[in-house]
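# Observations on chain architecture
Read off the chains here:
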Amino acid sequence: MAVEVQFKIGQKSKLRSKKKPYPQDFTHDWEIYVQGVNKADISAFVEKVVFVLHESFPNHKRVFKEPPYALQESGYAGFVLSVEIHLRNRLRKDPKQITYQYTLVLLSTGPHQHHVEVKTHIFEAPSEEFRTKLMRGGGIPIFGTVPAEMHPADC
């Protein structure tokens, strides 16, 4: 039996006030986060989340081992970052990590920004132990064949 899980990867950003001096010319405060859809507790199967920022950031790999899996930072431009979701499983046959690319967008004008992407991953034949963790964390069982457009290699 396959199990489908969904992650919300999102960002919140706001333009800093021009009245305050910008340290290092930073114009925005922003946050990026990973959550379960419908408030699912993904910590049941997520060991940690690693946000791999642009190399210009000090300590550009930021690790969060418990919820909330959220990073707050400041900057002046958007960039593409990797979001590594490390999984709680012990068996070799189960995957250890899922990686998504996320484009952080910082607009130069306008109100606060909030953008969310929902990412779906299907575990085709997880071990019984890992399947239990996935289900506890909001996973949905899939019986029968997995549609080609939802195949994990494409996620």
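Numbers given to residues run from 1 along each chain, matching the order in which its sequence is written. Only residues with pLDDT of 70 or above have their local features reported here, since the model is predicted, and side-chain atom pairs are shown and tallied only from 80 upward, although totals for entire chains, interfaces and linings are computed over all residues. The basis for every side-chain value is the complete set of non-hydrogen atoms in the structure, without hydrogens or water.

- Going by an unreviewed UniProt entry, the protein carries the name YEATS domain-containing protein and comes from Drosophila ananassae.
- UniProt positions are given in the numbering used here, feature names are shortened, and annotations may be inferred rather than shown by experiment. The UniProt entry for the protein carries the following comment under Subcellular location (unreviewed entry): "Nucleus".

## Notes on the nonpolar core
- Here the nonpolar core consists of buried residues drawn from Ala, Val, Leu, Ile, Met, Phe, Trp, Tyr and Cys, with membership extended through side-chain atoms lying within 4.5 Å. Relative accessibility under 20% of the residue-type maximum defines a buried residue, over 50% an exposed one, and the middle range a partly exposed one, all with a 1.4 Å probe and only protein chains included. Membership of the largest hydrophobic core comes to 29 residues, with the highest contact counts inside it found for Phe-7, Trp-30, Ile-32, Val-34, Phe-45, Leu-81 and Val-83.
- Numbering of helices and strands runs from the N terminus, with a helix taken as a DSSP run of H or I at least four residues long and a strand as a DSSP run of E at least two residues long. Elements represented by at least two residues in this core include exactly strand E1 (2-15), strand E2 (28-36), strand E3 (46-52), strand E5 (69-75), strand E6 (79-87), strand E7 (97-104) and helix H1 (128-136).
- Excluding residues that lie within four positions of it along the chain, Phe-45 makes contacts with Val-5, Phe-7, His-86, Leu-87, Arg-88, Phe-130, Lys-133, Leu-134 and Gly-137. Contacts are assigned to residue pairs with any non-hydrogen atoms lying within 4.5 Å of each other.

## A look at the pairing of E3
- With 5 of its 7 residues buried, E3 lies for the most part within the structure.
- One bridge is not enough; two strands pair if DSSP finds at least two bridges between them. As paired elements, E3 and E6 share 6 bridges and run antiparallel to each other. When the bridges of E6 are listed, Phe-51 appears paired with Val-83.
- As paired elements, E3 and strand E4 (residues 61-64) share 4 bridges and run antiparallel to each other. Counterpart to Val-52 in the pairing with E4 is Lys-61.

## Brief notes about the side chain of Gln-11
- Within the secondary structure layout, Gln-11 lies in strand E1.
- Since its relative accessible area comes to 1%, Gln-11 is described here as buried.
- Polar contact criterion, stated in full: a pair of N or O atoms within 3.5 Å, where within protein one must be able to donate a hydrogen and the other to accept it, and residues adjacent in sequence count only if both atoms are side-chain atoms. Separated by 2.7 Å, the side chain of Gln-11 and the backbone oxygen of Val-105 make a polar contact.
- Leave out the neighbours within four places in its chain, and Gln-11 touches Glu-31, Ile-32, Tyr-33, Tyr-102, Thr-103, Leu-104, Val-105, Gln-113, His-114 and His-115.

## Description of unusual backbone geometry
- Along the chain, Pro-67 connects to Pro-68 via a cis peptide bond; the corresponding omega equals 0°.
- With a phi close to 55°, Asn-38 is a non-glycine residue in the positive phi region.
- Within the secondary structure layout, Asn-38 lies in the loop between E2 and E3.
- For Asn-38, a relative accessible area of 73% corresponds to the exposed category.

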